[in-house]
Amino acid sequence: MKLIVENDYEGLSKRASQILIKEIQKDPEIVLGLPTGSTPLGLYRKLIESYQRGEIDFTHVKTFNLDEYVGLEKYDPRSYNHYMNTMLFNHINMKPENIHIPNGKATNLESYCEEYNEDIERAGGIDVQVLGIGTEGHIGFNEPDDELNVGTSVIKLAPSTINDNAKYFKSTGEVPERAITMGLGSILKAKKIILLANGESKIEVIDRLLNRNVVTTQLPASFLLLHPDVTIIIDEEVYEGCR
Ligand code: PGA
């Protein structure tokens, strides 16, 4: 595992974008795994700027998003579908058919999850997976539990996740209780993984991840310790907090 410490969020976003820009330039048909949340917003801004400068081309890039709330329509401003369009896809030249975001309104969720897995396999798997991390250690929406799912599945959100994400809804009660998430298997099969974490709220979880050196389903991100090519980029605040 490679640990990179940047001064602040701007530096972290820049460093993550430099890695991704290089990977996209090296392989214009790259398959990217993408997260939502507040953490990757700076990275997405920098990718858009890079695209506008003509440094990268998304014509043949494929993307798979990690997760989506069950029950939200695609155009719902709180959906991750809407987030991805407004924060990234509307500003770059991705082909719509190359964008994959779980459909939270699928009628048969179980078979839909199977299809999502198959789509990832058909694309040849994820080349570079970008991740944020939940305060309780989730990646995607794989929440701490006795067992973790290998493939894409429907999960029940942890109370801490509902709390963390309530800021995007009118009230905590409005946050959907379930979500579709890519499983640990799909994430760990990615050739390269980049995890981003910044700010005080992530100190405790990064401390557990980096300093305990154990793998446990109670800290889903800990499975990343088994992967041969993981880069964790944190800011100085997280670094100082977990020294
Ligand atoms: P955040 O969420 O980027 O909004 O902190 C991260 C996550 O839940 O994975």
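All of these numbers come straight from a predicted model, not from anything done at the bench.

Draft legend 1. Representation of the layout of surface pockets. Its boundaries defined by the atoms lining it, the largest pocket holds a volume of some 460 Å³. Taken together, 24 residues make up the lining of the largest pocket; nearest its centre are Gly37, Ser38, Ile133, Asn165 and Lys202. Looking at the lining of the largest pocket, the element that brings in the most residues is helix H5 (residues 159-165), giving three residues. Among the residues forming the lining of the largest pocket, the class breakdown is seven nonpolar, 13 polar and four charged. Looking at the lining of the second largest pocket, the elements that each hand over two or more residues are helix H3 (80-87), strand S5 (99-100) and helix H4 (109-122). Per-element tally for the lining of the second largest pocket: the top contributor is H4, with four residues.

Draft legend 2. Seen up close, the site of the ligand. All residues in the neighbourhood of the ligand are listed as Gly37, Ser38, Thr39, Gly132, Ile133, Gly134, His138 and Lys202. A distance of 2.9 Å is found between an oxygen atom of the ligand and a backbone nitrogen or oxygen belonging to Ser38. His138 is positioned with one of its side-chain polar atoms (N or O) 2.6 Å from an oxygen atom of the ligand. Contact with the protein chains hides 83% of the accessible area of the ligand, taken as 280 Å² for the molecule alone. Here the ligand occupies the largest pocket.

Conventions used here
Residues numbered from 1 in each chain as written. Predicted model: local features only at pLDDT ≥ 70, side-chain atom pairs only at ≥ 80, totals over all residues. Heavy atoms only, no water. 1 Å grid on protein atoms, 1.4 Å probe; cavity = no way out; pocket = protein on both sides within 12 Å on 5 of 7 lines; lining within 4 Å. Points joined across faces, edges and corners; volume = space filled by probe spheres on them. Helix = DSSP H or I, 4+ residues; strand = E, 2+ residues; numbered from the N terminus. Nonpolar A, V, L, I, M, F, W, Y, C, P; charged D, E, K, R; others polar. Near = heavy atom within 4 Å. Polar contact = N/O pair within 3.5 Å; in protein donor to acceptor, adjacent residues only side chain to side chain. Areas by Shrake-Rupley, 256 points an atom, 1.4 Å probe, with all protein chains shown as cover. Sits in = over half its atoms within 2 Å of the grid points.

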